[in-house]
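Spelled out, the chains give:
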Amino acid sequence: MLLEKIYGELRDMWMVESQYEFSRFWLGQSRSYMSCAKARQRPPSLLVLMRLSQRLSSISSKYAAVATTEMERGNCTRLVTLRDGVGNEIERLSAAR
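Residues numbered from 1 in each chain as written. Predicted model: local features only at pLDDT ≥ 70, side-chain atom pairs only at ≥ 80, totals over all residues. Heavy atoms only, no water.

If you had to explain the side chain of Gln 29 to someone new, which residues and values would you point to?
Looking at the element boundaries, Gln 29 is found in the loop between helix 2 (19–26) and helix 3 (33–40). In contact with Gln 29, other than residues within four places in its own chain, are Ser 23, Arg 24, Val 48 and Arg 51. (Helix = DSSP H or I, 4+ residues; strand = E, 2+ residues; numbered from the N terminus. Contact = heavy atoms within 4.5 Å.)

See the structure below:
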């Protein structure tokens with residue numbers, strides 16, 4: 001599941017601590033959104049993906065402006081890669097409609 005992959009990446013970068021936080025901050029949903037989506041094996045809606053893409057874009061831009069170490073610059077690249085992956089999924093879902 002795309003959201004699980006992104007959640008794992010963000011957790012590895014120490015940008016999120018819990019699924020609750022991921023659901024609220026990154027997805028703009030209720031705190032139980034991620035656990036419910038996993039349990040029901042439901043793919044994210046187009047709106048959720050668009051919010052996530054916007055958040056990834058915004059955070060990567062802000063992070064890039066202050067990144068001073070190689071690790072921080074690497075995290076910026078990872079955020080952009082995640083954003084691009086979400087963008088590809090948005091395009092796929094939009095084309096299927």
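The discussion continues.
Describe unusual backbone geometry, with residues and values.
Although it is not a glycine, Trp 14 sits at a positive phi angle of roughly 60 degrees. Looking at the secondary structure, you find Trp 14 in the loop between helix 1 (2–12) and helix 2. The exposed category is assigned to Trp 14, whose relative accessible area is 78%. A positive phi angle, close to 55 degrees, is found at Gln 41, a residue other than glycine. (Buried < 20%, exposed > 50% of the residue type's maximum accessible area, 1.4 Å probe, protein only.)

Describe the packing of helix 1 against helix 5 (residues 70–96), naming the residues involved and giving the relevant values.
Two numbers describe how helix 1 lies on helix 5: the axes approach to 11 Å, and their chain directions differ by 170 degrees. On the basis of their axis angle, the class for helix 1 and helix 5 is roughly antiparallel. Across from Leu 2, Lys 5, Ile 6, Glu 9, Leu 10 and Asp 12 in helix 1, the residues of helix 5 making contact are Arg 78, Leu 79, Leu 82, Val 86 and Glu 89. Among the residues making up the contact of helix 1 with helix 5, the classes are represented as six nonpolar, no polar and five charged. (Axes fitted to C-alpha atoms, helices over the stretch in contact; angles between N-to-C directions. Parallel < 35°, antiparallel > 145°, perpendicular 65-115°, else oblique. Nonpolar A, V, L, I, M, F, W, Y, C, P; charged D, E, K, R; others polar.)

Can you explain the pattern of salt bridges? Please cite residues and give values.
Across all of its chains, the model carries four salt bridges by this definition. As a salt-bridge pair, Glu 89 and Arg 92 come within 2.7 Å of each other at their nearest N and O atoms. Residue Glu 89 and its partner Arg 92 are located together in helix 5, separated by three residues, close to a single helical turn. A relative accessible area of 21% means that Glu 89 is categorised as partly exposed. Owing to a relative accessible area of 49%, Arg 92 belongs among the partly exposed residues under this scheme. (Salt bridge = Lys/Arg side-chain N within 4 Å of Asp/Glu carboxyl O.)

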